[in-house]
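Read off the chains here:
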Amino acid sequence: MRRFGERGDSNLGCVLWLIALLIAGMVLWKAVPVKIANSELYDYMLELTRFSSGRSPEEIKKRVHKKAQELKLPLDAKNITVEKNRERIRIRCKYTVPLEFPGYTYLWEVEHDIDRQIFYL
């Protein structure tokens, strides 16, 4: 007569994979929206450098800060630098996004640096 459970089978592997899947899902749940917002801010900054010939550095800085606020990114205006001369424009910003997990907070350092030549039409 054979009894169940005497073979040494266990569901430990299944439980470990389930825990790993839950952790990966939680990381994605927190990180993907931040990554999308970072990419949107970068794209916006790139667009500003393309069409910046008539704008002052202060106006560009205000626009970048406003866009970061709309995207709910923790970017202070003091961490945005805009350098513009006759030929080039450079926009830099640096900020840290805290990703909070149970028992741990990951600080995601983000730095955008765009340096482009200005084309006048």
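Counting starts from 1 at the beginning of each chain's written sequence and moves along it residue by residue. Side-chain atom pairs in this predicted model are given and counted only at pLDDT of 80 or more, local residue features only at pLDDT of at least 70, and totals for whole chains, interfaces and linings cover all residues. As a rule here, side-chain values cover all heavy atoms of the structure and leave hydrogens and water aside.

What follows covers the sheet that holds strand 3 (residues 104-117). Paired strands, in this sense, are two strands between which DSSP finds at least two bridges. Helix numbers and strand numbers start at the N terminus; a helix is a DSSP run of H or I with at least 4 residues, a strand a run of E with at least 2. Within the open sheet, the three strands sit side by side as 1-2-3. Their pairing is antiparallel. Looking at strand neighbours, the two that pair on one side only are strand 1 (80-84) and strand 3, the edges of this open sheet. Averaged over all pairs of adjacent strands, the angle between strand axes in this sheet comes to 10 degrees, irrespective of strand direction. Packed onto the sheet, helix 2 (residues 57-70) meets strand 1 and strand 2 (88-101) and runs at close to 145 degrees relative to strand 1. An axis is simply a line fitted to the C-alpha atoms; with a helix, the fit covers only the stretch in contact. Between two such axes, the angle follows the N-to-C directions and lies from 0 to 180 degrees. In this description, contact between two residues means that some pair of their heavy atoms is separated by no more than 4.5 Å.

Attention shifts here to the pattern of salt bridges. We define a salt bridge as a contact between a side-chain nitrogen of Lys or Arg and a carboxyl oxygen of Asp or Glu at a distance within 4 Å. One pass over the full model with this rule turns up six salt bridges. For the salt bridge of Glu59 with Arg55, the shortest nitrogen-to-oxygen distance reads 3.9 Å. Using a relative accessible area of 23% as the deciding quantity, one classes Arg55 as partly exposed. For Glu83, the salt bridge is made with Arg92, and the minimal N-O distance between the two is 2.6 Å. One salt-bridge network, held together by shared partners, links Arg55, Glu59 and Arg63. Only protein chains enter the calculation, and the probe is 1.4 Å; a residue is then buried if its accessible area is under 20% of its type maximum, exposed if over 50%, and partly exposed in between.

With that settled, consider the nonpolar core. Among soluble globular proteins, nonpolar side chains are generally buried collectively. Judged by nonpolar contacts, the single largest core of 26 residues is most densely connected at Leu41, Val64, Leu73, Leu75, Ile91 and Tyr95. Among the elements that make up this core, the one with the highest residue count is helix 1 (residues 12-50) (eight residues). Sequence-distant contacts of Leu73, defined by excluding residues within four places in its chain, comprise Ala37, Asn38, Leu41, Ala68, Tyr95 and Val97. Within this scheme, the nonpolar core is defined by two criteria: the residues are buried Ala, Val, Leu, Ile, Met, Phe, Trp, Tyr or Cys, and they are joined through side-chain atoms within 4.5 Å.

Nothing here speaks to function; it is geometry throughout.
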